[in-house]
Amino acid sequence: KGRGPVQAANAAREPTGSFKPAAAQPGRRPGVEGWTLREVSAGIATVSGRQGIFDVIPGDPLPGIGRVDAIRRQDGRWVVVTSRGLIVSR
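Sequence order as written defines residue numbering, which begins from 1 separately in each chain. Side-chain atom pairs in this predicted model are given and counted only at pLDDT of 80 or more, local residue features only at pLDDT of at least 70, and totals for whole chains, interfaces and linings cover all residues. As a convention, hydrogens and water are excluded, and side-chain values are obtained from all of the structure's heavy atoms.

### Comments concerning the sheet that holds strand β7 (residues 86–88)
Filter applied, for reference: Two strands are counted as paired when DSSP detects at least two bridges linking them. The numbering of helices and of strands both runs from the N terminus, where a helix is a DSSP run of H or I of at least 4 residues and a strand a run of E of at least 2.
What the four strands build is an open sheet, ordered β4-β5-β6-β7; its pairing is antiparallel. Each edge of the open sheet is held by one strand with a lone partner, namely β4 (61–62) and β7. Alignment of strand β6 (residues 77–82) against β7, held across three bridges, turns out to be antiparallel. Bridge pairing in β7 places Val 81 opposite Leu 86.

Following this line, the structure appears as structure tokens:
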């Protein structure tokens, strides 16, 4: 006996191991743990982490993270793009 239409539809939705979690999608960087974006004003982002509060622009280094690559709007909110990932507001 063959599979019924409901069983076949359910089988098609079962994970096969070929999908990637959202954080691993191409073009997306993971969030940087322990850092928060506080505000963005006039092209300057204020971020806070374990080492303190920093006002940064692209090109500035951040301790333990690396260089700030960009400050931009992504998916309707501001993000700070760094060598290690994104700093977002919480």
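So much for the structure itself; the text now carries on.
### As for the nonpolar core
Threshold: Residues belong to a common nonpolar core when they are buried Ala, Val, Leu, Ile, Met, Phe, Trp, Tyr or Cys residues joined through side-chain atoms within 4.5 Å. Here's how the labels work: a residue is buried when its accessible area is under 20% of the maximum for its type, exposed when over 50%, partly exposed in between, all with a 1.4 Å probe on protein chains only. By the convention used here, residues are in contact when the closest approach between their heavy atoms is within 4.5 Å.
In terms of nonpolar packing, the biggest core is built from twelve residues, these being Val 32, Trp 35, Leu 37, Ala 45, Val 47, Val 56, Leu 62, Ile 65, Val 68, Ile 71, Val 80 and Ile 87. Mapped by element, the contributors of at least two residues to this core are β2 (44–49) and β5 (66–74). Among residues more than four places away in sequence, those in contact with Leu 62 are Trp 35, Val 47, Phe 54, Val 56, Val 68 and Ile 87.

### As for the pairing of β6
As paired elements, β5 and β6 share six bridges and run antiparallel to each other. Following the sheet pairing, Gln 74 is matched in β6 by Arg 77. Here β5 hands over to β6 after two residues, with Asp 75 in that stretch at a positive phi of 55°. Connecting β6 to the next strand, β7, in antiparallel fashion are three residues, including Gly 85 with a positive phi near 145°.

### So, the confidence of the model for the chain
Basically, it comes down to this: Confidence scores here are pLDDT values: one per residue, from the predictor, ranging 0 to 100.
For the chain, the mean per-residue pLDDT works out to 80, and 69% of the residues sit at or above 70. This stretch, residues 6–15, has a pLDDT under 50; its non-local contacts, to residues over four places away or in other chains, come to two contacts. In the predicted structure, residues 17–26 sits below a pLDDT of 50 and forms one contact with residues beyond four places in sequence or in another chain.

### Some words on the pattern of salt bridges
The condition is simple: Each salt bridge in this description consists of a side-chain nitrogen of Lys or Arg and a carboxyl oxygen of Asp or Glu lying within 4 Å of one another.
Here the structure, examined in full by the defined rule, presents one salt bridge. Between Asp 69 and Arg 67 there is a salt bridge; the shortest N-O distance is 3.2 Å. According to the relative accessible area criterion, Arg 67 is partly exposed, its value standing at 44%.

### Concerning the sheet that holds strand β1 (residues 36–41)
Our working rule: The angle between two axes is taken between their N-to-C directions and runs from 0 to 180 degrees, where each axis is a line fitted to C-alpha atoms and a helix contributes only its stretch in contact.
Reading across the sheet, the three strands line up as β1-β2-β3 and stay open at both edges, with antiparallel pairing between neighbours. Single-partner strands in this sheet number two, and they are β1 and β3 (52–56). Each strand axis lies, on average, 20° off the axis of its neighbour in the sheet, ignoring direction. The sheet contact formed by β2 and β3 spans five bridges and is antiparallel. Across the sheet, residue Ala 45 finds its bridge partner in β3, namely Val 56.

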